[in-house]
Amino acid sequence: MTMEKVKAKKHLGQHFLKDETIAKQIADSLNLEGYDSVLEIGPGMGVLTKYLLEKPVTTYAIEIDPESVTYLNENFPKLKDKIISKDFLRFNINEVFEGKQFAIIGNFPYNISTQIVFRALEYRNQIPEFAGMFQKEVAERICSKKGSKVYGILSVLTQAFYDTSYLFTVDENVFIPPPKVKSGVLRLRRKENFTLPCNEKMLFTVVKMAFQQRRKTMRNSLKSLNLSDSLREDSIFDLRPEQLSVEQFIELTQKIEANAV
């Protein structure tokens, strides 16, 4: 019996996009340069998938919902052998891509969208491009610059490796069922020189410690790193984390590394 539709499941954060125009806009946001495969996360009933399959790239889909997997298999024969019935957050993606370059795209479940970004950052050497839909506030946070109230850990760590663009806002009524919040579509394009000139683990530590106490100055929020008195006198420590650009966070990490030698 052919499945006519998939029922959205609240525990998976499913809200199925029904607006074809928006789906096509998301698919068209990729420039398709430097790779020949695209991975769609959480395709649901394939409203975005159908436009990806028109592109001159190989489309893969990773979907945790068995009902959606069945629907996709029945309705998208071009996806045959390209559907990965796994959890993106736990799956070793190189079982499929074997170290090759690929893009990520999707209408991401809001309840795990931040985790999807951090997981993608782990694979940044292979992901030159990333596009998709998030809860509006999360998309704005990823793309925000220093001085913004929403600028934070996600902003700095994403922008350390990618140029971010907030593309457009999507209303609630284009989904089944409609979410309670607006959505935002963004695009990430990997920087040409995305190798950090500092220790990655230390940068992540500094950024997370700073924003966990975002009202404090860097001098106070980084106190537990036992920095030397001479380093703590640097004027950068007078600032609060939202006042530091991505480049300044990297420079600060370099100084902390030098201080530890």
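Residues numbered from 1 in each chain as written. Predicted model: local features only at pLDDT ≥ 70, side-chain atom pairs only at ≥ 80, totals over all residues. Heavy atoms only, no water.

Structural notes on the overall build of the chain
Defined as follows: A run of H or I in DSSP becomes a helix once it reaches four residues, and a run of E becomes a strand once it reaches two; helices and strands are each numbered from the N terminus. Just to be clear, the radius of gyration here is over C-alpha atoms, and the globule rule we use is 2.2 Å times residues to the power 0.38. Shrake-Rupley sampling with a 1.4 Å probe provides the accessible areas, and residues are treated as covered by the protein chains on show and by no other component. Neither His nor the chain ends contribute to the count of charged residues, in which Lys and Arg are positive and Asp and Glu negative. Where a charge lies is defined by one atom per residue type, namely NZ (Lys), CZ (Arg), CG (Asp) and CD (Glu).
From N to C terminus, the chain includes 11 helices and 9 strands. Scaling as 2.2 N^0.38, a compact globule of 261 residues should have a C-alpha radius of gyration of about 18 Å, and the chain matches this with 20 Å. Entry remark: accessible area of the chain is about 13,100 Å², with carbon and sulfur atoms responsible for 48%. Across the chain, the 37 positively charged side chains and the 33 negatively charged ones have centroids separated by 5 Å.

Description of the sheet that holds strand 5 (residues 103–107)
Note the cut-off: Strand pairing is defined by DSSP finding a minimum of two bridges between the two strands. Residues count as neighbours in contact if any of their non-hydrogen atoms are within 4.5 Å of one another. In this description, a line fitted to the C-alpha atoms serves as the axis of each element, helices being fitted only across the stretch in contact, and the angle between N-to-C directions of two axes falls anywhere from 0 to 180 degrees.
Taken in spatial order, the 7 strands of this open sheet run 4-3-2-5-6-9-7, and their pairing is mixed. Taken across any chain shown, the strands that pair with only one partner, and hence form the sheet edges, are strand 4 (83–84) and strand 7 (162–170). Strands in contact with helix 5 (residues 113–122) are strand 2 (37–41), strand 5, strand 6 (129–135) and strand 7; relative to strand 6, the strand with the most contacts, it is inclined by about 165 degrees.

Overview of the pairing of strand 9 (residues 183–190)
Going by this rule: For the exposure calls, accessible area comes from a 1.4 Å probe over protein chains only, and a residue counts as buried if that area is under 20% of its type's maximum, exposed if over 50%, partly exposed in between.
In terms of residue burial, strand 9 counts as a mostly covered element, since 7 of its 8 residues are buried. Examined bridge by bridge, strand 6 and strand 9 share 7 bridges and lie antiparallel to one another. If you follow F130 over to strand 9, its bridge partner there is L188. As paired strands, strand 7 and strand 9 are joined by 8 bridges and run antiparallel to one another.

Some words on helix 1 (residues 20–28)
Rule in force here: Note that the arc is computed from the directions linking the helix axis to the C-beta atoms. Counted as a polar contact is a pair of N or O atoms within 3.5 Å, where, for protein atoms, one must be capable of donating a hydrogen and the other of accepting one, and residues adjacent in sequence contribute only when both atoms are in side chains.
Among the residues of helix 1, those classed as buried are I22, A23, I26 and A27. With its buried residues spanning 140 degrees around the axis, helix 1 presents them on a single face. On its buried side, helix 1 packs onto strand 1 (16–17), helix 2 (49–52), strand 5, strand 6, strand 7 and strand 9. The opening residue of helix 1 is D19, an N-cap whose side-chain oxygen sits 2.9 Å from the backbone nitrogen of T21.

Digging into the nonpolar core
Our working definition: Take the buried Ala, Val, Leu, Ile, Met, Phe, Trp, Tyr and Cys residues and link them wherever side-chain atoms come within 4.5 Å; each set so joined is a nonpolar core.
Core analysis: the largest hydrophobic core is formed by 55 residues, its most contacted members being F130, L203 and F249. Residue contributions to this core peak at 7 residues, all from helix 8 (residues 200–212). Residues in contact with F130, not counting those within four places in the same chain, are I104, F108, I116, V117, A120, L186, R187 and L188. Of all hydrophobic cores here, the second largest spans 23 residues; its members include I26, Y51, V57 and F175.

Structural notes on unusual backbone geometry
I176 connects to P177 through a cis peptide bond whose omega is -15 degrees. Here P177 is to be found in the loop between strand 8 (175–176) and strand 9. Here L32, not a glycine, exhibits a phi torsion of approximately 60 degrees, which is positive. Within the secondary structure layout, L32 lies in the loop between helix 1 and strand 2. Phi at E98 takes a positive value of approximately 50 degrees, unusual for a residue other than glycine. Along the polypeptide, E98 turns up in the loop between helix 4 (94–97) and strand 5.

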